[in-house]
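Here are the chains, one letter per residue:
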Amino acid sequence: MAEISRPTHAVLGQNQYGKAENRVVKITRDGATHHIKDLNVSVSLSGDMDDVHLSGSNANVLPTDTTKNTVYAFAKEHGIESAEQFGIHLARHFVTSQPAIHRARIRIEEYSWERIEHGGEGAHSFVRKGQETRLAQITHDGENWEVVSGLKDLTVMNSTDSEFWGYVKDKYTTLPEAHDRILATEVSGRWRFNWTDGEQTAPDWDESYAQVKKHMLAAFAETYSLSLQQTLYAMGARIIDNRGEIDEVRFSLPNKHHFLVDLAPFGLKNDTVDGGVYFAADRPYGLIEATILRDGAEARIPVDLTNL
Ligand SMILES: O=c1[nH]c(=O)c2[nH]c(=O)[nH]c2[nH]1
């Protein structure tokens, strides 16, 4: 092979590779009753990959095509118990079976389906749930594990019990103070587990997810809100206080503004008191983001959740 000359001033930095967005749908048959797991799995591997970048030798490269095949083969051979468990299994496989691969990161989006209830035969018809997308990211370096679970696109609204006033006013401030407003957001959240040692019993991933979502929604509903920031903190703190397996929570919450429409030109009074008519603005939107940590824990979830 011809030696490729190296640029003199260039040094290879962080690199990773793998097959992104493997869409895998697994049907499990239990007689006439079927079950669906519908995932989007992205594999990212790193390790001794200098040669492939610097000299073009592929001797250490497990093809991305193989990583794709592994995702499908594992779904068939081992099934998909939960996104987290499937990701752990894949990450362990890549790191332990390939000497040149020292770190595997598996990202999974899970789309949920619910059964179509009908009078006919069989239980094999489903409708895609329009609610949130469940997320999981599993990282393994041969020794430690990091599992971050989450969700996105969970839209929630409180039609009262929200105020926003007492804020700083400068010469550009026009926002009227609100003593009864709509509070709506599309929750994007991530939470990091303190399970890092593969020898220790792993959490029940599905139960944990269900409980985190329950606490998050209960805190949203039950918090009398003086700002979306306050509601966000209440949501995160409630998770930390109720779920001992979680050390860190991060939220990115767009404030989905609802503005009372001025109906005075039509002789109509429009206020919140007797049920208002609102304009639901899609942009621009306030964007409120924060991390809530267990006391003493280290922040590891990226600040920008689009990077996870
Ligand atoms: O809950 C809110 N937090 C803000 O920081 C803010 N800023 C704003 O204009 N409206 C709101 N609402």
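Report follows, based on the coordinates. (Residues numbered from 1 in each chain as written. Predicted model: local features only at pLDDT ≥ 70, side-chain atom pairs only at ≥ 80, totals over all residues. Heavy atoms only, no water.)

## Describing the overall build of the chain
Inference 1: A count of helices and strands for the chain gives five helices and twelve strands.
Inference 2: A principal-axis box enclosing the C-alpha atoms of the chain has dimensions of 80 × 65 × 40 Å.
Inference 3: A sequence separation of at least 24 residues applies to 66% of the contacts in the chain between residues at least 6 apart.
Inference 4: Across the chain, the mean location of the 32 positive side-chain charges is 3 Å away from that of the 45 negative side-chain charges. (Helix = DSSP H or I, 4+ residues; strand = E, 2+ residues; numbered from the N terminus. Contact = heavy atoms within 4.5 Å. Lys, Arg positive; Asp, Glu negative; His and termini not counted. Charge placed at Lys NZ, Arg CZ, Asp CG, Glu CD.)

## Details of the site of the ligand
Inference 1: Taken together, F164, L175, R181, S227, L228, Q229 and N255 form the complete shell of residues around the ligand.
Inference 2: Between the ligand and Q229, the relevant distance is 2.9 Å, taken from a nitrogen atom to a side-chain nitrogen or oxygen of the residue.
Inference 3: Across the shell around the ligand, the residue classes break down as three nonpolar, three polar and one charged. (Near = heavy atom within 4 Å. Polar contact = N/O pair within 3.5 Å; in protein donor to acceptor, adjacent residues only side chain to side chain. Nonpolar A, V, L, I, M, F, W, Y, C, P; charged D, E, K, R; others polar.)

## Side note on the packing of helix α2 (residues 64-78) against helix α3 (residues 83-97)
Inference 1: Direction vectors running N to C along α2 and α3 enclose 125°, while the axes themselves pass 11 Å from each other. Taken as axis vectors, α2 and α3 run oblique relative to one another. Once α2 is placed against α3, the crossing between them reads as right-handed. On the side of α2, the interface is formed by T67, T70, V71, F74, A75 and H78, while α3 contributes F86, H89, L90, H93 and F94.
Inference 2: When its residues are assigned to classes, the contact of α2 with α3 shows six nonpolar, five polar and no charged. (Axes fitted to C-alpha atoms, helices over the stretch in contact; angles between N-to-C directions. Parallel < 35°, antiparallel > 145°, perpendicular 65-115°, else oblique. Left-handed = near helix turned anticlockwise from the far one by under 90°.)

## Quick word on helix α5 (residues 228-242)
Inference 1: With 15 residues, α5 should cover 21 Å at 1.5 Å per step; its first-to-last C-alpha distance of 21 Å lies within 8% of that length.
Inference 2: Inspection of α5 places L228, T231, L232, M235, G236, A237, I239 and I240 among the buried residues, and these make up the whole buried set. (Expected span 1.5 Å × (residues − 1). Buried < 20%, exposed > 50% of the residue type's maximum accessible area, 1.4 Å probe, protein only.)

## As for α2
Inference 1: Between its first and last C-alpha atoms α2 spans 21 Å; for 15 residues at 1.5 Å apiece the expected length is 21 Å, and the two agree.
Inference 2: Every buried residue belonging to α2 is among T67, T70, V71, F74 and A75, and all of these are buried. Along the axis of α2, the buried residues cluster in a sector spanning 130°; they form a single face. When the buried face of α2 is taken as reference, the exposed residues oriented beyond 90 degrees from it are K76 and E77.
Inference 3: Residues of α2 that are buried in the fold lie against β1 (22-30), β2 (33-47) and α3.
Inference 4: G79 occupies a position one or two residues after α2 and carries a positive phi of about 75°. (Arc of directions from axis to C-beta.)

## Looking at a nonpolar patch on the surface
Inference 1: A cluster of nonpolar residues, W165, Y224 and L226, forms a patch on the protein surface that exposes about 310 Å² of accessible area.
Inference 2: Considering the arrangement of structural elements, one finds W165 in the loop between β7 (145-158) and β8 (183-193). (Patch = residues over 30% accessible without salt bridge, like charges linked within 9 Å, V, L, I, M, F, W, Y side chains within 5 Å. Areas by Shrake-Rupley, 256 points an atom, 1.4 Å probe, with all protein chains shown as cover. Salt bridge = Lys/Arg side-chain N within 4 Å of Asp/Glu carboxyl O.)

## What to know about the nonpolar core
Inference 1: By size, the foremost hydrophobic cluster in this structure holds 53 residues, and its most contacted members are V41, F86, V187, W191, M216 and F251.
Inference 2: For this core, the leading source of residues is α3, giving seven residues.
Inference 3: Excluding its chain neighbours within four sequence positions, the residues that come into contact with M216 are L151, L154, V187, W191, M235, I239 and F251. (Core = buried A, V, L, I, M, F, W, Y, C linked by side-chain atoms within 4.5 Å.)

## Observations concerning the sheet that holds strand β6 (residues 133-140)
Inference 1: What the eight strands build is an open sheet, ordered β1-β2-β3-β6-β7-β8-β9-β12; its pairing is antiparallel. Unpaired on one side and paired on the other, β1 and β12 (286-293) mark the two borders of the sheet. Averaged over all adjacent pairs, the angle separating strand axes in this sheet is 20°, with direction ignored.
Inference 2: As paired strands, β2 and strand β3 (residues 101-111) are joined by ten bridges and run antiparallel to one another. Within β3, the position partnered with S46 by the bridge is R103.
Inference 3: Contacts between α5 and the sheet are confined to β8, β9 (246-255) and β12, with β9 contributing the most and set at about 155° to the helix. (Pairing = 2+ DSSP bridges.)

## Concerning the pairing of β2
Inference 1: Most of β2 is tucked away, with eleven of its 15 residues classed as buried.
Inference 2: Where β1 lies against β2, nine bridges are found, and the strand directions are antiparallel. Following the sheet pairing, K26 is matched in β2 by K37.
Inference 3: In textbook terms, the turn of a hairpin is the stretch between consecutive antiparallel strands, and for β1 and β2 this stretch comprises two residues, one of which, G31, has a positive phi near 65°.

## Brief notes about the packing of aromatic side chains
Inference 1: Counted by the stated rule, this structure contains five aromatic pairs.
Inference 2: Judged by centre distance (4.8 Å) and plane angle (85°), the ring pair of F193 and W205 falls under edge-to-face. Separated by twelve residues along the polypeptide, F193 in strand β8 and W205 in helix α4 (residues 205-222) bring together distant segments of the chain.
Inference 3: Given the relative accessible area of 2%, F193 is considered buried.
Inference 4: Linked through ring pairs, W145, F193, W195 and W205 together constitute an aromatic cluster. (Phe/Tyr/Trp six-rings, centres within 6.5 Å; stacked < 30°, edge-to-face > 60°.)

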